[in-house]
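Here's the letter readout for the chains.
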Amino acid sequence: LCSMIISGIKIEFAETTGRVEAEALALHYEAVGFGTRENYAHYNDLVAETFDVGGVFGFFAFANSNLIGVARIFSDDCSVSWVAEISVHPNWQRKGVASELLKRVNERFPHTAMYAGPFDGQEDVFIKNQISLRPKMTVCSRGWIGAKKK
């Protein structure tokens, strides 16, 4: 477990889901605008179904044992990795948490090409962490459609 100090508070980072609880993850997603916690209520085990599957890697930040940051990476761990999401609780944004999460992602996957599809205005954190804009690449997306997983 690695850590850093931000505003006098120890921030701990982990690459396992052992400290991540389903309710905390749902509340984190709600706080960052990824739907409401009710959107995640239908999962039997939100943490396991989100992170404990093949090719999915999680990086987590905690302040006083509270989940404040998440990076989810899809990777074959051979040639390509994709930053599927990086989110930091609004109270902790612009304090270096996202950069520290991306630093840890880069340290874990130095052997793969790294791709990301940041929202407009969020590109700087990726650029600062060696994930460059590519002018000929476009990200396509289908948003939440409300269907429940079967």
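Note: the structure precedes this text.
Residues numbered from 1 in each chain as written. Predicted model: local features only at pLDDT ≥ 70, side-chain atom pairs only at ≥ 80, totals over all residues. Heavy atoms only, no water.

### Some thoughts on unusual backbone geometry
And then number 1: Of note in this structure, Asn64 is not a glycine but carries a positive phi near 50 degrees.
And then number 2: With respect to the helices and strands, Asn64 occurs in the loop between strand E3 (56–63) and strand E4 (66–75).
And then number 3: The exposure class of Asn64 is exposed, given its relative accessible area of 58%. (Helix = DSSP H or I, 4+ residues; strand = E, 2+ residues; numbered from the N terminus. Buried < 20%, exposed > 50% of the residue type's maximum accessible area, 1.4 Å probe, protein only.)

### Side note on the environment of Leu27
And then number 1: Along the chain, Leu27 turns up in helix H1 (residues 22–31).
And then number 2: Note: C-alpha distance between Leu27 and Ala63 (36 residues apart in sequence) is 15 Å.

### Overview of the environment of Phe60
And then number 1: Along the chain, Phe60 falls in strand E3.
And then number 2: You can call Phe60 buried: its relative accessible area is 0%.
And then number 3: Remark: the alpha-carbon pair of Phe60 and Lys10, spanning 50 residues in sequence, is separated by 14 Å.
And then number 4: Among all residues touching Phe60, those that are not within four sequence positions of it are Glu12, Phe13, Ala14, Thr16, Thr17, Val20, Phe51, Leu67, Gly69, Val70 and Leu101. (Contact = heavy atoms within 4.5 Å.)

### A closer look at the environment of Arg19
And then number 1: Assignment of secondary structure puts Arg19 in the loop between strand E2 (9–14) and H1.
And then number 2: Residues Arg19 and Phe60 lie 41 residues apart in sequence; the distance between their C-alpha atoms is 9.0 Å.
And then number 3: A distance of 3.0 Å separates the side chain of Arg19 from the side chain of Glu12, its partner in a polar contact. (Polar contact = N/O pair within 3.5 Å; in protein donor to acceptor, adjacent residues only side chain to side chain.)

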